[in-house]
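# A structural walkthrough
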Amino acid sequence: QHKDAYQVILDGVKGGAKEKRLAAQFIPKFFKHFPELADSAINAQLDLCEDEDVSIRRQAIKELPQFATGDNLPRVADILTQLLQSDDSAEFNLVNNALLSIFKMDAKGTLGGLFSQILQGEDIVRERAIKFLSTKLKTLPEEVMTKEVEEFILTESKKVLEDVTGEEFVLFMKILSGLKSLQTVSGRQQLVELVAEQADLEQTFNPSDTDCVDRLLQCTRQAVPLFSKNVHSTKFVTYFCEHVLPNLSSLTTLVEGLDIQLEVLKLLAEMSSFCGDMEKLESNLKKLFDKLLEYMPLPPEEAENGENAGNEEPKLQFSYVECLLYSFHQLGRKLPDFLTAKLNAEKLKDFKIRLQYFARGLQVYIRQLRLALQGKTGEALKTEENKIKVVALKITNNINVLIKDLFHIPPSYKSTVTLSWKPVQKAEASQKRASEDTTSSSPPKKASAGPKRDARQIYNPPSGKYSSNLGSFSYEQRGGFRGGRGRGWGGRGNRSRGRIY
């Protein structure tokens, strides 16, 4: 007789508003007593979750976790994941809370429902399910996020990563790098391998394909924070030296206002500190050296009377040189005799002339920047103009320290500098102060070459050389993934639409 009474409650979903409200409360309340009617009960509750009356929908959603017992849990998780597409904020919050409550009952079962929708659901459901994982997983306690659960997340994420857009990839890296089990050296190594796979470092690099360029940059941005003295960047640095540097001037991007060449050089500089043993070190160092020479001009020729022979002063690209010189300095440590044994005497002499010319211009600019910033503190330093000058001073000081190292005989690779867009580490702060105290001195006289002239005559400080994008850049920068394999990094085939409970 009780079974008949429960059936009457189930049939209430076909009645009026009052009957539906009662059904929304009583179907879950007595659900566990009628296992043979489980399917009918869940389907009846689902009808209420799709009712036209928002208050009935909310009541029905709120009670859904009560159906999440045993084998029913993954199904309830799947349903709740689909309900994430709701545009009613109160309803959406109820769905989130319901998912979190069943997460605490059975994390793997809940994840099964979420991942099945990420892999097969509609785009809006997929998008919101990924967002749910990226924002909520980190809020769950350790007893829920066990090692086994984290392993399940990694396994399922790998399936999803076979076909993702750039933005989805960034979110998945956020999810995975937040997992406790991946905080270890071997965990970070695993993540770097995942990124390398996504970056497709085996493919031929096409600088004019914006999708190809943006994919590489997006992946490299995700990899950079993972590198350390134990997790090496060798694979990425090699790819940048062999494929990207030679094509630097022809790189294209759809991201508005992005200096794509500077962005690439910044990433290379950051990675160069953590490069391990490289197979073709000499040839890659040569590529880096050749690229550096492009931005290290020779002094303009003089006419007989010592005046400039009408040639324009070369523009000094400080931001580019900082990155290239830093990368060369880092990799040069691995082959310290590159400049003396691998280059012929003529080339080395030419390089030193370029270095000295650059260093002279640098001294003038450093003096001018210091003068402009003298006595300015607090608020005064926060104006846009002064912020740019502060960054410019960091850049020029860095180049100065590195040039001095290369002027030693033989060239030295001992100095350490903090890249201008990175926060200064405390241990390096005192060293930086010491180096700044000596920045007004020129490179050692015995190594000088080329005509001796007053730097002020030969150098006009560049105008507009520093723009706001010299500051720190965000690894979260997105966009620009178009074309190629369907949606950005890949379109998923036709997936079913509508309710698939």
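Cut-offs used in this document
Counting of residues starts from 1 at the beginning of each chain's written sequence and follows it residue by residue. Residues qualify for local features only when their pLDDT is at least 70, as the model is predicted, and side-chain atom pairs are given and counted only at 80 or more; totals for whole chains, interfaces and linings, by contrast, use all residues. Hydrogens are left out, water is left out, and the side-chain values use all remaining heavy atoms of the structure. Lines fitted to C-alpha atoms define the axes, with helix axes restricted to the stretch in contact, and inter-axis angles between N-to-C directions lie between 0 and 180 degrees. Put simply, DSSP H or I for four residues or longer makes a helix, DSSP E for two residues or longer makes a strand, and each gets a number counted from the N terminus. Here roughly perpendicular refers to angles of 65 to 115 degrees, roughly parallel to angles under 35, roughly antiparallel to angles over 145, and oblique to all remaining angles. Any two residues having at least one pair of non-hydrogen atoms within 4.5 Å are treated as being in contact. To estimate the expected span of a helix, count its residues, drop one, and scale the result by 1.5 Å. The buried label applies to any residue whose accessible area, calculated with a 1.4 Å probe on protein chains only, is under 20% of its type's maximum; exposed applies above 50%, and partly exposed to all values in between. Polar contacts, as counted here, are pairs of nitrogen or oxygen atoms within 3.5 Å of one another; within protein the pair requires one atom able to donate a hydrogen and one able to accept it, and residues that are adjacent in sequence qualify only if both atoms are side-chain atoms. Any two rings among Phe, Tyr and Trp, with Trp reduced to its six-membered ring, count as a pair given centres within 6.5 Å; such a pair is stacked if its planes are under 30 degrees apart, edge-to-face if over 60, and tilted if neither. Within this document, salt bridges are pairs made up of a side-chain nitrogen of Lys or Arg and a carboxyl oxygen of Asp or Glu, the two lying within 4 Å of each other. Scored from 0 to 100, pLDDT reflects the predictor's confidence in each residue. Put simply, a nonpolar core is a bunch of buried Ala, Val, Leu, Ile, Met, Phe, Trp, Tyr and Cys residues held in one set by side-chain atoms that sit within 4.5 Å of each other. In this tally, Lys and Arg are treated as positive and Asp and Glu as negative; His is ignored, and so are the chain termini. When the sulfur atoms of two cysteines come within 2.5 Å, that pair is taken as a disulfide.

## Quick look at the packing of helix 10 (residues 166-177) against helix 11 (residues 185-199)
Running from amino to carboxyl end, helix 10 crosses helix 11 at an angle of 170 degrees, the nearest separation of the two axes being 11 Å. The angle between the axes of helix 10 and helix 11 places the two elements in the roughly antiparallel class. On the side of helix 10, the interface is formed by F169, M173, L176 and S177, while helix 11 contributes R188, L191, L194, V195 and Q198.

## Some thoughts on helix 6 (residues 89-105)
Given 3.6 residues per helical turn, the α-helix brings residues three or four places apart onto the same face. For helix 6, which comprises 17 residues, the first-to-last C-alpha distance of 25 Å matches the rise-based estimate of 24 Å (1.5 Å per residue) to within 8%. If you check which residues of helix 6 are buried, you get E91, V95, N96, A98, L99, L100, I102 and F103. On its buried face, helix 6 is in contact with helix 4 (54-63), helix 5 (73-82), helix 7 (107-120) and helix 8 (123-136). Where helix 6 begins, one side-chain oxygen reaches toward the backbone nitrogen of A90, 3.2 Å away; that side chain belongs to D88.

## Section: the packing of aromatic side chains
Scanning all chains against the criterion turns up 13 aromatic pairs. Ring plane angle 15 degrees and centroid distance 4.5 Å describe the contact between Y6 and F34, whose orientation is recorded as stacked. Note that Y6 is positioned in helix 1 (residues 2-11) and F34 in the loop between helix 2 (17-30) and helix 3 (38-49), a separation of 28 residues in sequence. The exposure class of Y6 is buried, given its relative accessible area of 1%. Through a chain of ring-to-ring contacts, three or more aromatic side chains come together here, namely F289, F328, F338 and F351.

## Some remarks on the pattern of salt bridges
On inspection of all chains with the given rule, the structure shows 19 salt bridges. Of the charged contacts in the structure, one is a salt bridge between D88 and R58, with a shortest N-O distance of 3.0 Å. One end of the pair, D88, is in the loop between helix 5 and helix 6; the other, R58, is in helix 4, and 30 residues separate them in sequence. Given the relative accessible area of 22%, D88 is considered partly exposed.

## Some words on the confidence of the model for the protein
Per-residue confidence for the protein gives a mean pLDDT of 83; residues scoring 70 or more make up 82%. The model gives residues 427-487 a pLDDT under 50, and that stretch makes 134 contacts with residues more than four places away or in other chains.

## A look at the nonpolar core
In this structure, I27, L80, I153, F236, F328 and L339 are the most contacted members of the largest nonpolar core, which totals 149 residues. A per-element tally of this core places helix 18 (residues 345-373) first, with eleven residues.

## Quick word on the environment of L133
By secondary structure assignment, the location of L133 is in helix 8. Since its relative accessible area comes to 2%, L133 is described here as buried. In sequence terms L133 and I153 are 20 residues apart; their C-alpha atoms lie 9.8 Å from each other. With near-sequence residues (within four places) excluded, L133 lies in contact with L111, L114, F115, I118 and I175.

## Concerning the side chain of D78
Examined against the element boundaries, D78 turns out to sit in helix 5. For D78, which is buried and forms no salt bridge, the nearest opposite charge comes from R75, at a distance of 7.8 Å. Within the structure, D78 has its side chain in polar contact with the side chain of S116 (distance 2.7 Å). With sequence-adjacent residues up to four places away left out, D78 is seen in contact with G113, S116 and Q117.

## Section: the state of the cysteines
Linking two cysteines covalently via their sulfur atoms produces the bond known as a disulfide. Scanning the entire structure with this criterion turns up zero disulfides. No disulfide involves C241; its sulfur sits 7.6 Å from that of C275, the nearest cysteine.

## Structural notes on the side chain of S272
Relative to the assigned elements, S272 resides in helix 14 (residues 260-272). Judged by relative accessible area, S272 falls into the buried class, the value being 2%. Leave out the neighbours within four places in its chain, and S272 touches V237, Y326, S327, Q330 and L331.

## Topic: unusual backbone geometry
In most cases, non-glycine residues show a negative phi, while peptide bonds are predominantly trans. Of note, the amide linkage connecting I409 to P410 takes the cis form, showing an omega dihedral of -10 degrees. Looking at where P410 falls in the secondary structure, it is placed in the loop between helix 19 (384-407) and helix 20 (426-437). A positive phi angle, near 55 degrees, is found at D200, a position not held by glycine. Relative to the helices and strands, D200 is located in the loop between helix 11 and helix 12 (210-223). Given the relative accessible area of 32%, D200 is considered partly exposed.

## What to know about the environment of L216
Note on placement: L216 falls in helix 12. Looking at L216, the relative accessible area reads 4%, which means it is buried. A sequence separation of 20 residues divides L216 from F236, and the C-alpha atoms of the two residues are 9.6 Å apart. Non-local contacts of L216, meaning those with residues more than four positions away in its chain, are made with A199, L201, F205, Y239, F240 and V244.

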